[in-house]
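Commentary on secondary and tertiary structure
The residues making up each chain are set out below.
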Protein chains: 2
Amino acid sequence: MKNDLNDKQIQILEVAETLFAEKGFDGTSIRDISKVAKINVAMVSYYFGSKEKLLESLVLFKTSGLKERLVNLIEENLEPFEKVNKLIELYINRLNCNRGIYRILHFELSSKKKVLELESFLEIKKSNLKSLELIIKEGQAKGVFRKDVIIELLTPTILGTYFHFQMNKPFFEDILNLKTEEAYNNYVKTDLTKHIQQTIKALLIYEN
Amino acid sequence: MKNDLNDKQIQILEVAETLFAEKGFDGTSIRDISKVAKINVAMVSYYFGSKEKLLESLVLFKTSGLKERLVNLIEENLEPFEKVNKLIELYINRLNCNRGIYRILHFELSSKKKVLELESFLEIKKSNLKSLELIIKEGQAKGVFRKDVIIELLTPTILGTYFHFQMNKPFFEDILNLKTEEAYNNYVKTDLTKHIQQTIKALLIYEN
DNA sequence: GCCAAAATTAAACAACCGTTTAATTTAAAC
DNA sequence: GTTTAAATTAAACGGTTGTTTAATTTTGGC
């Protein structure tokens, strides 16, 4: 898979990310993208081949780098709980920075699965799970984490909590009285992140 | 809001649910629905007015009843932890029974928000949160749950974990070696449900 | 300045979209 | 059996979709 994207291609991907996040993959037309990106409709086909391939490029472009950061985190000299907390922060930061990739990752990939899910993206997920596994097993070896935790179900809780919060943004803006975009993002970075960290910590030390 | 749906309308809703869950709202055409349901394309407009209104009817049709069950649960004579566990079971059962409503609730409603999110569905969510709040506060009053839990963030963890697991079905089928549909559904009903129950319980008794 | 490759364009393509119309069939009431 | 309303149909509507074509412009090496 080539990674040599020129400036124009990246510009198209950025616009596509915003619009896909806003209106969904099927809800966004190539003409929508080309209008916002101020390019000709044909450019998407010219650069990416098709709309589906554009999505694939976008996902690979936006998820590259996370793997390396996770591997770096593993080798850091930190307490087990600190490592888990940093991992959670890393995930949330990563998802929160990119304008709306979380919605794409979460939804579009599971309906367009024939093309995308089974290819390279499955490998990224497996690699990330492997990193988490290493961190948890390290904590277990040190006798800090309980032994019978189902590691595969930790990511659903971490990411699922985050996704569900973002997916129901209008609802939580309302009930938590988060009036500005800044207040909302701030809540995610502080309270929500802390909630997820506490949840995972509680689960890791919990004895039945 | 009228609830008097005839058999034909319900039949259309069932087909729409399956297809929306499979291919998304925008990815499903009225012609797709009419083909599977073996009706004329005009029938959707005739019965529901428009495609958007069909979605609205579907959501209301499928979410009705949960509220009553939650209220019943509150008044049952159970230990606080048992009540929380039953609530989690109730949510998962409810989502698991309906073929794919979770995807619609989770995703479509947040992009079509102008029409749906702000109307009756926000009220359903608020009502369900209120029920959860009553259960948690009862447990706190009895001194079983810790006091500083953010109740609003419990639902994201409960539902988010479930949603994330379902959204990444191909991935979890693979790594958990769940080869048949039955094995997968069984895992959801036993292991995943237990994981969520344990997570919430751990969070509710966790002391910082 | 010339030329080949790359980038960009407007236009056209056929296919599909949600919705409406107007005609026909079915059902029920009297 | 006639009447009236509801249900169902095929066809057409104007618009949008993703993609391709063929022509034009821009670019960079010589």
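In this text the structure is predicted, and so the values were computed from the model without any measurement. (Residues numbered from 1 in each chain as written. Chains lettered and ligands numbered in written order. Predicted model: local features only at pLDDT ≥ 70, side-chain atom pairs only at ≥ 80, totals over all residues. Heavy atoms only, no water.)

Within chain A, the secondary structure is distributed over 11 helices and 0 strands. N-terminal to C-terminal, the α/β element order of chain A is α-α-α-α-α-α-α-α-α-α-α. Within the span of chain A, comprising 208 residues, buried residues form 53% of the whole. Contacts in chain A between residues at least 24 apart in sequence constitute 68% of all its contacts with a sequence separation of at least 6. As displayed, chain A offers around 9,800 Å² of accessible surface, 50% of which is attributable to carbon and sulfur atoms. Across chain A, the mean location of the 31 positive side-chain charges is 3 Å away from that of the 29 negative side-chain charges. (Helix = DSSP H or I, 4+ residues; strand = E, 2+ residues; numbered from the N terminus. Buried < 20%, exposed > 50% of the residue type's maximum accessible area, 1.4 Å probe, protein only. Contact = heavy atoms within 4.5 Å. Areas by Shrake-Rupley, 256 points an atom, 1.4 Å probe, with all protein chains shown as cover. Lys, Arg positive; Asp, Glu negative; His and termini not counted. Charge placed at Lys NZ, Arg CZ, Asp CG, Glu CD.)

Among the residues of helix 5 (residues 66-75) of chain A, those classed as buried are A:Leu66, A:Leu70, A:Leu73 and A:Ile74. Seen from one end, helix 5 of chain A has its buried residues packed into an arc of 100°, which puts them on one side. (Arc of directions from axis to C-beta.)

Our focus in this paragraph is the protein's contact with DNA strand D. Of all residues adjacent to DNA strand D, which total 15 residues, the nearest are A:Ile30, A:Arg31, A:Lys51, B:Met43 and B:Tyr46. Protein-proximal atoms of DNA strand D, defined as those within 4 Å of the protein, fall in sugar or phosphate at a share of 50%. Here a phosphate oxygen of DNA strand D and a side-chain polar atom of A:Ser29 are 3.2 Å apart. A distance of 2.7 Å separates a phosphate oxygen of DNA strand D from a polar atom in the side chain of A:Lys51. (Near = heavy atom within 4 Å. Polar contact = N/O pair within 3.5 Å; in protein donor to acceptor, adjacent residues only side chain to side chain.)

This part is about the protein's contact with DNA strand C. Within the structure, DNA strand C sits among 15 residues, and A:Met43, A:Tyr46, B:Ile30, B:Arg31 and B:Lys51 are positioned closest to it. Across the atoms of DNA strand C situated within 4 Å of the protein, the share located in sugar and phosphate is 51%. At 3.5 Å, a side-chain N or O of A:Lys8 approaches a phosphate oxygen of DNA strand C. Contact between DNA strand C and B:Lys51: a phosphate oxygen at 2.7 Å from a side-chain N or O atom of the residue. Contributing elements (two or more residues each) for the surface near DNA strand C: helix 3 (42-48) of chain A together with helix 2 (30-37) and helix 3 (42-48) of chain B. Top element by residues in the surface near DNA strand C is helix 3 of chain A. It accounts for 4 residues. Its residues assigned to classes, the surface near DNA strand C shows 6 nonpolar, 5 polar and 4 charged. (Nonpolar A, V, L, I, M, F, W, Y, C, P; charged D, E, K, R; others polar.)

Take the domain arrangement of chain A next. Under the domain assignment, chain A is made up of domain 1 (7-60) and domain 2 (65-204). The distance between the C-alpha centroids of domain 1 of chain A and domain 2 of chain A comes to 26 Å. (Domains from an automatic or database assignment.)

Let us now look at the pattern of salt bridges. If the charged atoms of two oppositely charged side chains come close together, the side chains can form a pair. Residue and element names in this part refer to chain A. A complete count under the given rule lists 18 salt bridges over all chains for this structure. Lys 62 is the partner of Glu 17 in a salt bridge, and the nearest nitrogen-oxygen pair spans 3.2 Å. Pair noted here: Glu 17 is in helix 1 (residues 7-23) and Lys 62 is in helix 4 (residues 51-63), with a separation of 45 residues, a long-range link. This pair shows no difference in class: Glu 17 is buried, exactly as Lys 62 is. Between Glu 133 and Lys 137 there is a salt bridge whose closest N-O contact spans 3.1 Å. In this pair, Glu 133 and Lys 137 are both assigned in helix 8 (residues 117-141), 4 residues apart and thus about one turn of the helix distant. Residue class for Glu 133 comes out partly exposed when judged on its relative accessible area of 23%. Within the structure, one salt-bridge network assembled from shared partners comprises Glu 14, Glu 17 and Lys 62. (Salt bridge = Lys/Arg side-chain N within 4 Å of Asp/Glu carboxyl O.)

Attention now moves to the relation of the copies chain B and chain A. Two copies of the chain are present, and they differ by a rotation about an axis and a shift along that axis. Here chain B sits on chain A after a turn of 180° about the axis and a move of 0.0 Å along it, with an RMSD of 0.1 Å. The superposition of one copy onto the other is thereby described by a two-fold rotation axis. No C-alpha of chain B lies nearer the rotation axis than that of B:Gly160, which sits 1.9 Å from it. With an isologous cut-off of 70% or more, the 100% of interface residues of chain B that recur at the interface of chain A puts this contact in the isologous class. (Least-squares fit on C-alpha atoms with pLDDT ≥ 70 in both.)

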